[in-house]
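The lines below spell out each chain.
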Amino acid sequence: MTTRLTVAQALVRFLAAQYTERDGVRQRLISATWGIFGHGNVAGLGQALIEYGDDMPFHQGRNEQSMVHAAVGYARQSNRLSTHAVTTSIGPGATNLVTGAALATVNHLPVLLLPGDIFATRVADPVLQQLEVPYAGDVSVNDSLRPVSRYFDRVTRPEALIPAALQAMRVLTDPVETGAVTLAMPQDVQAEAYDWPDEFFAERTWAVRRPGADPTELAEAVRVIRAAKRPLLVAGGGVHHSRAEEALAEFAETTGIPVASTQAGKGSLRYDHPQDVGGVGHTGTATADELARTADLIIGVGTRYTDFTTASHTLFQGEGVRFLNLNIAPFDGHKLAGLPLIADARSGLQELTGALRLHGHRVADAYVGEYGEDKERWEQRVDACYEADEPDVRPTQSQVLGALDALADESDVIINAAGSLPGDLHKLWRARSRDQYHLEYGYSCMGYEIPAAIGVKMAAPDRPVWALVGDGTYLMMPTEIVTAVQEGIAIKILLVQNHGYASIGGLSESVGGERFGTAYRFTSQDGTFTGAPLPVDLAANVASLGMRVLRAKTVRELREALAEARTADTPTCVYVETETADTVSGPPPAQAWWDVPVAETATRPSAVKARELYERHVSTRRRHL
């Protein structure tokens, strides 16, 4: 039997029938579609979404990149088992997807991209917004999505949709391969009719695998753990993706091995768990970084070992230090010349715990006491950063976080991605649940926070969801506030005004750049941005987009505004001005280095001094072979 539909109609019907299943739980794979319409998709996918609106919910976006961020936020909150599709017109609508696609792929988060494309039949050539490529007639701007997609196909014939759609679902549901998946949709093909086999529209359930460890690799992993005197486990985002938090807690409690976390892995253990020692790496805690420097075994679980985690390969300095990498992806399992343990994080941790329990293995009590005391000292430093002795003065950024930390419970979700906030949060935030800490730091994309908060709130409608946003990030992409207002999605925005790119300003100063071009100020006669702060009222801008705004000028007012926003059932923004961009935010300084090359030759004293310090750090870099 067949059914005659357009390609776009067939795709929407197909997507509505796709499901995932893991641990006996089944759910829709593509639960909604975002779209901005133009001549590349309005007559095809636009019409199809009206035709089958009962089967495929639709959300109206304001910016194509933002729509991808919202879908990614939804996917992460849904444990990568459900996501959204995003459709755009051709030309700039399609190319605006590139940044969002890169973010999804870098972070291994699934999203389906359906950009419109030029005519497959070439009957209208060049069409409006078409990029003509003299050396290749089959290239369009959509090809810019190839390097940032885990799977890419262009559906140039109706019948080609069947294998392309099936391959797209395979990649989206593969815990190793998942990321952005792009099906470029020529606008004439979208509207073309075809007789589709009814089997194409049958419900399909894609099983998300939990592979166990190879017995030989498992035995070797147990051997090296038992031989280690100062092991440290580094928990990455793979712990969350696998829902391995309970398995990790059991492993840590059984063995006494301390657990540090990357940005993506923070919250793998609650902050008050005895084995949790906080963030690791350039933005990590003193406790975790000192353990990393002296460890003889690093057990990486679900981590990619980015340069922030390894402090640009200067952190892990223990004599004879080895790496054991439990990862579902072989590519990551072999990093740093580590012993690979290729398995799902939950399965692998459970198998390790069982084997080590049989041997009665546990690290020495003296080691547990050592890191426990260090952790207590770090918590005292956090308290000092959060404390505000004078409640009627303007807060520091650390005190802003302290006010939110005092209010939040395990139901709150905080979202951030870029600026000075990620470093402060990684050091200071006390994660109370497995999914409270939502930091996108694989791509560290300014503008992610607000649309991602919308996606998270869609996936967790009963939870308070906070987008923590600096002024630099806000000005990048505030447009989805309109979407939140339109659909009544009660996100909370904490907008911190510090008059510039505070994070990059600090980095610039540290590498001899003298904070050049990082402050939001009027230009001076010498052409530098050192004049008065710009008279920009971001709170008024938020209000103009339809969102309720609570202004806070002091610590006391901030606490009151945050409490009011937390209980609000409409989209609400708390606006607070903190220190300016040329002052520090207040938290402890970086506990480990990060490699940003400094000018090798310079005349300005700041750059000369920075180069001297840079060379000292570079000399400590270590190749783990």
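Keep in mind it's a predicted model, so treat the numbers as computed, not measured.

Asks: Mind showing me how you'd approach the overall build of the chain here?
Replies: In terms of regular secondary structure, the chain is built from 24 helices and 23 strands. Relative to the 2.2 N^0.38 estimate, which gives 25 Å for 625 residues, the radius of gyration of the chain is 25 Å and therefore close to what a compact globule would have. When its C-alpha atoms are laid out on the principal axes, the chain stretches across 70 × 70 × 55 Å. Residue burial in the chain is summarised as follows: out of 625 residues, 59% are buried. Put simply, the chain shows about 24,400 Å² of open surface, and 52% of that area lies on carbon and sulfur atoms. Across the chain, 57 positive and 76 negative side-chain charges occur, with their mean positions spaced 3 Å apart.

Asks: Quick question: what am I supposed to make of empty space enclosed by the protein here?
Replies: Regions of empty space are outlined by a rolling probe, equal in size to a water molecule, passed over the atoms. On inspection of all chains with the given rule, the structure shows four cavities of 30 Å³ or more. By volume, the largest cavity amounts to about 170 Å³. For the largest cavity, the lining is made up of 19 residues, of which Lys266, Tyr271, Asp276, Gly278 and Glu379 are closest to its centre. For the lining of the largest cavity, the secondary-structure elements that each account for two or more residues are strand 14 (276-279), helix 15 (365-386) and helix 17 (421-428). At four residues, the largest contribution of residues to the lining of the largest cavity is made by helix 15. Residues of the lining of the largest cavity, tallied by class, amount to eight nonpolar, five polar and six charged.

Asks: Help me understand the sheet that holds strand 18 (residues 413-416) in this model?
Replies: Within a sheet, neighbouring strands are paired by backbone hydrogen bonds and run either parallel or antiparallel to one another. Within the open sheet, the six strands sit side by side as 19-18-20-21-23-22. Their pairing is parallel. One side of each edge strand has no neighbouring strand; the edge strands of this open sheet are strand 19 (437-439) and strand 22 (548-552). Strand-to-strand twist across the sheet, computed as the mean angle between neighbouring axes with direction ignored, equals 20 degrees. One ladder, built from three bridges, connects strand 18 with strand 19; its direction is parallel. Along strand 19, the bridge assignment pairs Asn416 with Leu439.

Asks: When you look at helix 21 (residues 502-510) in this model, what are you seeing that I'm missing?
Replies: Helical geometry: 3.6 residues make up each α-helical turn, so side chains three or four residues apart lie on a common side. When we look at burial in helix 21, the residues that qualify are Ala502, Gly505 and Ser508. The arc that holds the buried residues of helix 21, viewed along the axis, is 120 degrees, so those residues lie on one side. Where helix 21 terminates, the next one or two residues include Gly512, which has phi positive at roughly 85 degrees.

Asks: Sorry, what's going on with the pattern of salt bridges here?
Replies: The final tally for this structure, using the stated rule, is 36 salt bridges. A salt bridge links Glu577 to Arg394, with the shortest nitrogen-to-oxygen separation between them at 3.9 Å. Taken together, the positions of Glu577 in strand 23 (residues 572-577) and Arg394 in the loop between helix 15 and helix 16 (397-407) put the pair 183 residues apart, joining distant regions of the chain. A salt bridge links Asp412 to Arg566; the nearest nitrogen and oxygen atoms lie 2.7 Å apart. On the criterion of sequence distance, the pair formed by Asp412 in the loop between helix 16 and strand 18 and Arg566 in helix 23 (residues 555-566) is long-range, its members being 154 residues apart.

Asks: What exactly am I supposed to notice about the sheet that holds strand 2 (residues 18-22) here?
Replies: The mixed open sheet is built from three strands, whose spatial order is 3-2-11. Strands at the two margins of the open sheet, each flanked by one partner only, are strand 3 (25-28) and strand 11 (204-207). Taken over all neighbouring pairs, the strand axes of this sheet differ in orientation by 30 degrees on average, direction set aside.

Asks: Help me understand the side chain of Glu245 in this model?
Replies: Along the polypeptide, Glu245 turns up in helix 10 (residues 245-255). At 3.0 Å, the side chain of Glu245 forms a polar contact with the side chain of Arg434. Sequence-distant contacts of Glu245, that is, excluding residues within four places in its chain, are made with Val239, His240, Ser268, Leu269 and Arg434.

Asks: Hey, could you run me through the packing of helix 3 (residues 64-77) against helix 5 (residues 98-106) in this one?
Replies: To characterise two packed helices, one gives the angle between the axes of the helices and the distance between these axes. Packing of helix 3 against helix 5 brings their axes to within 7 Å, and their N-to-C directions diverge by 20 degrees. Of the possible angle classes, the one that applies to helix 3 and helix 5 is roughly parallel. In this structure, helix 3 crosses over helix 5, and the sense of that crossing is right-handed. Facing Gln65, Val68, His69 and Val72 of helix 3, the residues of helix 5 in contact are Thr99, Gly100, Ala101, Leu103 and Ala104.

The rules behind each value
Residues numbered from 1 in each chain as written. Predicted model: local features only at pLDDT ≥ 70, side-chain atom pairs only at ≥ 80, totals over all residues. Heavy atoms only, no water. Helix = DSSP H or I, 4+ residues; strand = E, 2+ residues; numbered from the N terminus. Rg over C-alpha atoms; globule rule 2.2 N^0.38 Å. Buried < 20%, exposed > 50% of the residue type's maximum accessible area, 1.4 Å probe, protein only. Areas by Shrake-Rupley, 256 points an atom, 1.4 Å probe, with all protein chains shown as cover. Lys, Arg positive; Asp, Glu negative; His and termini not counted. Charge placed at Lys NZ, Arg CZ, Asp CG, Glu CD. 1 Å grid on protein atoms, 1.4 Å probe; cavity = no way out; pocket = protein on both sides within 12 Å on 5 of 7 lines; lining within 4 Å. Points joined across faces, edges and corners; volume = space filled by probe spheres on them. Nonpolar A, V, L, I, M, F, W, Y, C, P; charged D, E, K, R; others polar. Pairing = 2+ DSSP bridges. Axes fitted to C-alpha atoms, helices over the stretch in contact; angles between N-to-C directions. Arc of directions from axis to C-beta. Salt bridge = Lys/Arg side-chain N within 4 Å of Asp/Glu carboxyl O. Polar contact = N/O pair within 3.5 Å; in protein donor to acceptor, adjacent residues only side chain to side chain. Contact = heavy atoms within 4.5 Å. Parallel < 35°, antiparallel > 145°, perpendicular 65-115°, else oblique. Left-handed = near helix turned anticlockwise from the far one by under 90°.

In short, the description is geometric, and any link to function would need to be established separately.
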